[in-house]
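# Coordinate analysis (summary)
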Amino acid sequence: MIGGSAALGCCEPGAGGSGPGRAPTAAGGAGAASMDWGTELWDQFDNVERHTQWGLDLMEKYVKFVKERTEIEQAYAKQLRNLVKKYLPKQNTREDPESKFCQYQAFLQVVKELNDFAGQREVVAENLMTQICVKLSKHAQELKQERKLHFHKGRRAQQHLENSFKQLENSKRKFKQDCREAEKAMLVAEKLDQDLNATKADVEKAKQQANLLSHLAEESKNEYASFLQKFNQDQSQFYFLEMPQIFNNLQEMDERRTVRLKEGYGIFSETERQVMPIIGKCLDGMKAAADSVNKKNDSQVLIELHKSGFERPGDVDFEDFSQPINRTSSYRSLGTPRGTLDGRLDPRLLGKNKGKRWLFSKKNKLPPPPLSPVISAPLPSSSSATNGPPSPKFTRDPLSYCLNEINKTVKPHIASFRHLKRRPVITEDFSHLPPEQRRKKLQQKIEERNRELQKEINQRDALNKMKDVYQKTPHMGVPASLEPKISETLSNIEKLHLEIQKYKSWLAEAKSRMLSNRPDNTLRYSRHLDPTTTLNNNGSHEKGSPDATHSNDSQDALNQPIYTEFDEDFEDLASPIGTCVAMYQFEGSSEGTISMTEGEELSLMEEDKGDGWTWVRRSKGGEGYVPTSYLRVTLN
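What you see is a predicted model, and the numbers here were worked out from it, not measured in a lab. (Residues numbered from 1 in each chain as written. Predicted model: local features only at pLDDT ≥ 70, side-chain atom pairs only at ≥ 80, totals over all residues. Heavy atoms only, no water.)

### Regarding the overall build of the protein
- Looking only at helices and strands, one finds 15 helices and five strands in the protein.
- Evaluated residue by residue, the protein yields a buried proportion of 30% over its 636 residues.
- Of all intrachain contacts in the protein linking residues separated by at least 6 positions in sequence, the fraction that spans at least 24 positions is 75%.
- Total accessible area on the protein is roughly 41,300 Å²; 55% of this is exposed by carbon and sulfur atoms. (Helix = DSSP H or I, 4+ residues; strand = E, 2+ residues; numbered from the N terminus. Buried < 20%, exposed > 50% of the residue type's maximum accessible area, 1.4 Å probe, protein only. Contact = heavy atoms within 4.5 Å. Areas by Shrake-Rupley, 256 points an atom, 1.4 Å probe, with all protein chains shown as cover.)

### Here's the deal with the nonpolar core
- Counting 37 residues, the largest nonpolar core has F247 and L250 as its most contacted members.
- Taken together, the elements giving at least two residues each to this core come down to helix 4 (45–87), helix 5 (102–194) and helix 6 (200–291).
- Residues contacting L250, with those up to four places away along its chain left out, are W37, V48, R147, H150 and F151.
- In terms of nonpolar packing, the next biggest core, distinct from the first, is built from 10 residues, A582, I594, L602 and L631 among them. (Core = buried A, V, L, I, M, F, W, Y, C linked by side-chain atoms within 4.5 Å.)

### Here we look at the sheet that holds strand 1 (residues 578–582)
- On the basis of which strands lie adjacent, the open sheet formed by five strands has the order 4-3-2-1-5 and antiparallel pairing. The sheet is open, and its two borders are formed by strand 4 (623–627) and strand 5 (631–635), each paired with just one other strand. For this sheet, the mean angle separating the axes of adjacent strands, direction not counted, is 40 degrees.
- With four bridges connecting them, strand 1 and strand 2 (residues 601–606) associate as antiparallel partners. In the strand pairing of strand 2, V581 is matched with E601. (Pairing = 2+ DSSP bridges. Axes fitted to C-alpha atoms, helices over the stretch in contact; angles between N-to-C directions.)

### Here we look at the side chain of H150
- Residue position: H150 is located in helix 5.
- Judged by its relative accessible area of 8%, H150 is buried.
- Setting aside residues no more than four positions away along its own chain, H150 makes contact with I246, N249 and L250.

### Looking at a nonpolar patch on the surface
- The grouping of L83, Y87 and F107 at the surface amounts to a nonpolar patch, some 270 Å² of accessible area in total.
- Note that F107 resides in helix 5.
- Taking the relative accessible area as the measure of exposure, F107 reaches 35% and is therefore partly exposed. (Patch = residues over 30% accessible without salt bridge, like charges linked within 9 Å, V, L, I, M, F, W, Y side chains within 5 Å. Salt bridge = Lys/Arg side-chain N within 4 Å of Asp/Glu carboxyl O.)

### A look at the side chain of T70
- By the element assignment, T70 lies in helix 4.
- Judged by relative accessible area, which is 0%, T70 ranks as buried.
- Residues within four places of T70 in sequence aside, it is in contact with A125, L128 and M129.

### Examining the environment of K78
- Mapped onto the elements, K78 comes out in helix 4.
- Given the relative accessible area of 54%, K78 is considered exposed.
- Sequence separation between K78 and G119 is 41 residues, and the spatial gap between their C-alpha atoms is 9.3 Å.

### Examining the pattern of salt bridges
- Under the counting rule described, the total for this entry stands at 22 salt bridges.
- Its salt-bridge partner being D178, residue K174 comes within 3.2 Å of it at the nearest N-O pair. Taken together, the residues K174 and D178, both in helix 5 and four residues apart, mark about one turn of the helix.
- Between E499 and R449 there is a salt bridge, with the nearest N and O atoms lying 2.4 Å from each other. Residue E499 is located in helix 12 (residues 483–516), and its partner R449 is located in helix 11 (residues 435–472); the two are separated by 50 residues in the primary sequence.
- Exposure remark for R449: the relative accessible area of 13% places this residue in the buried category.
- One salt-bridge network, held together by shared partners, links K445, E448, R449, E452 and E499.

### What to know about helix 5
- Its 93 residues place the ends of helix 5 135 Å apart at the C-alpha level, agreeing with the 138 Å of an ideal helix rising 1.5 Å per residue.
- A bend of about 30 degrees at M129 is the largest found in helix 5. (Expected span 1.5 Å × (residues − 1). Bend = angle between axes of the 7 residues up to and from the residue.)

### Concerning the packing of helix 4 against helix 5
- Relative orientation of the contacting elements helix 4 and helix 5 amounts to 160 degrees, with a least axis distance of 8 Å. Relative to helix 5, helix 4 is oriented roughly antiparallel. Taken as a pair, helix 4 and helix 5 cross one another with a handedness that is left-handed.
- Its residues assigned to classes, the contact of helix 4 with helix 5 shows 28 nonpolar, eight polar and 11 charged. (Parallel < 35°, antiparallel > 145°, perpendicular 65-115°, else oblique. Left-handed = near helix turned anticlockwise from the far one by under 90°. Nonpolar A, V, L, I, M, F, W, Y, C, P; charged D, E, K, R; others polar.)

### Regarding the packing of aromatic side chains
- Here the structure, examined in full by the defined rule, presents 17 aromatic pairs.
- When the centroid spacing of 5.4 Å and the interplanar angle of 85 degrees are considered together, the rings of F45 and F151 count as edge-to-face. Residue F45 is located in helix 4, and its partner F151 is located in helix 5; the two are separated by 106 residues in the primary sequence. Grouping residues by exposure puts F45 and F151 together as buried.
- Ring geometry for Y62 and Y265: centres 4.7 Å apart, planes at 90 degrees, overall edge-to-face. (Phe/Tyr/Trp six-rings, centres within 6.5 Å; stacked < 30°, edge-to-face > 60°.)

### Some points on the pairing of strand 1
- The two faces of strand 1 differ: G578, C580 and A582 on one face are buried, but T579 and V581 on the other face are not.
- Judged from the five bridges that link them, strand 1 and strand 5 form a sheet pairing that is antiparallel. Note that in strand 5 the partner of G578 across the bridge is L635.

### Points about the environment of M253
- On the secondary structure map, M253 appears in helix 6.
- Relative accessible area serves as the criterion here: at 3%, M253 is assigned to the buried category.
- With 103 residues separating them in the primary sequence, M253 and H150 have C-alpha atoms 9.9 Å apart.
- Those residues in contact with M253 that lie beyond four places of it in its chain are T52, L143, E146 and R147.

### Some points on the environment of A217
- Looking at the element boundaries, A217 is found in helix 6.
- Take A217: its relative accessible area is 7%, and that puts it in the buried class.
- Expressed as a C-alpha distance, the spacing of A217 and R180, which sit 37 residues apart in the sequence, is 8.5 Å.
- Not counting residues up to four positions away in its chain, the partners in contact with A217 are F175, D178, C179 and A182.

Laid out in structure tokens, this is it:
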């Protein structure tokens with residue numbers, strides 16, 4: 001629109017021969033080297049307007065792009081956080097045996113480093129949002145307002161130029177019309193002057209009219225020239241002052257927008273570059289965690305955690321059943337365990353001893369206290385094992401036969417209680433643990449008590465020093481006010497001394513038992529290396545063999561856990577010691593507990609041991625612990 005007006009206005013100054021429109025042209029040519037929009041794009045108003053709008057749209061598009069990238073980073077960081085939360089332990093794992101393995105510690109370290117990595121992704125998202133999205137959006141709004149103001153000034157200047165051009169056109173038309181009328185009046189006056197019939201008055205009147213119109217034409221000429229000069233000045237100011245200034249302002253605005261967009265592009269990569277050192281440290285931490293895994297260390301940790309201290313079971317004694325049988329058939333089956341005639345083991349015998357000697361048959365339990373001897377009849381003349389506990393196989397014992405028969409009858413009923421999880425009874429001296437584990441637990445308790453004792457001793461010394469200060473400077477405090485605390489500290493010290501002495505005595509007892517129960521393994525292993533020295537040709541033990549040496553110790557077999565399998569199955573049949581009624585509802589969501597409803601009658605299986613929990617059994621099946629304060633107990 002302005003371009004069209006410029007083309008129209010440029011013709012007029014040339015036609016009128018006016019000079020003001022030419023001088024700035026040289027100035028414009030001299031300023032061409034400056035690459036200004038006002039000089040080079042003086043007639044491209046529409047294109048400048050379109051370009052500035054495109055620049056703002058590009059900035060908004062980039063802001064939208066970064067915002068979507070930020071959302072992706074936030075979602076990625078959130079998913080990583082959830083992954084870390086899923087695989088990190090919810091509670092302190094110091095007491096967990098798995099936490100002592102370096103491979104598990106390395107896994108936790110990898111998960112923690114991943115959590116730090118997720119934090120850096122959140123930092124990237126936050127920096128992109130604050131430094132790019134927020135700032136560029138604010139700058140884009142400011143640029144829109146500034147652009148609107150510049151174009152408003154341009155349109156106002158254009159409107160002023162158009163009004164000036166309209167005045168010029170009106171004065172030109174008036175001048176043209178007045179000139180025609182004056183020329184016409186002049187011709188009429190000349191015609192009347194040459195007409196002989198015209199009166200002198202008519203001629204004078206015509207001349208006066210011609211002179212009047214000529215005067216009006218002259219005034220119109222002067223008015224037209226004035227408007228022409230004014231238009232040329234307005235046009236020169238429009239094209240060489242006002243619009244170049246507006247174009248230059250738009251150029252400066254667009255260049256500022258370009259610089260801001262350039263900075264936004266740089267921040268996009270610099271934000272990522274800033275977190276790379278920390279991310280590198282996270283990756284280095286993961287690599288260090290991987291390098292910290294030591295197979296030998298974990299193997300040693302497993303030994304320390306689960307070493308029981310028991311010795312391996314001794315050799316199974318040879319049971320000679322050939323006494324009442326012909327020697328010929330006995331010689332043919334000499335050295336063959338009891339079973340089928342072809343020397344293969346009887347499957348029934350394998351099933352009977354399953355779980356007593358083999359490691360992987362079922363979950364092993366600690367052996368119960370040794371049984372007192374109740375058999376008066378002598379056992380068969382088979383010597384006890386040289387090393388370790390004797391074999392729990394007494395096939396000729398009538399009591400064993402009876403108990404095995406009872407076991408067969410009771411076992412189907414016991415199977416239904418296998419799903420019950422009963423908390424093991426934990427004794428203060430840790431006698432429920434294997435010897436090696438008991439020794440470690442006692443040693444750990446002694447170290448803990450020693451640390452507590454040292455803390456109490458330090459507190460006692462500090463109180464005594466404070467008491468001395470109070471005695472020397474009474475205004476700082478009353479010495480008698482410290483006596484209760486000192487007495488309490490001394491009492492705690494005495495208690496800790498007693499506990500340490502108690503644990504040390506238990507530790508000495510455990511060590512002595514481990515030494516006393518540790519037989520010499522040399523003979524047994526030498527016998528494994530040379531099995532021919534175990535038996536002679538007639539099936540009896542050699543005179544110098546370890547079995548012959550210990551043949552008089554067969555009575556010690558009565559003190560070993562013979563009926564381990566039966567005792568294990570039978571202990572779940574404990575009868576209730578009373579009844580109880582639930583006074584309140586209990587959910588029982590934690591492991592080892594059961595739920596109960598208000599008013600429900602339960603069987604009391606075990607009294608409260610002082611920890612606030614009672615073992616009960618539901619009438620519909622299921623056992624577990626419930627809060628003692630929720631029950632009304634009636635003992636049998």
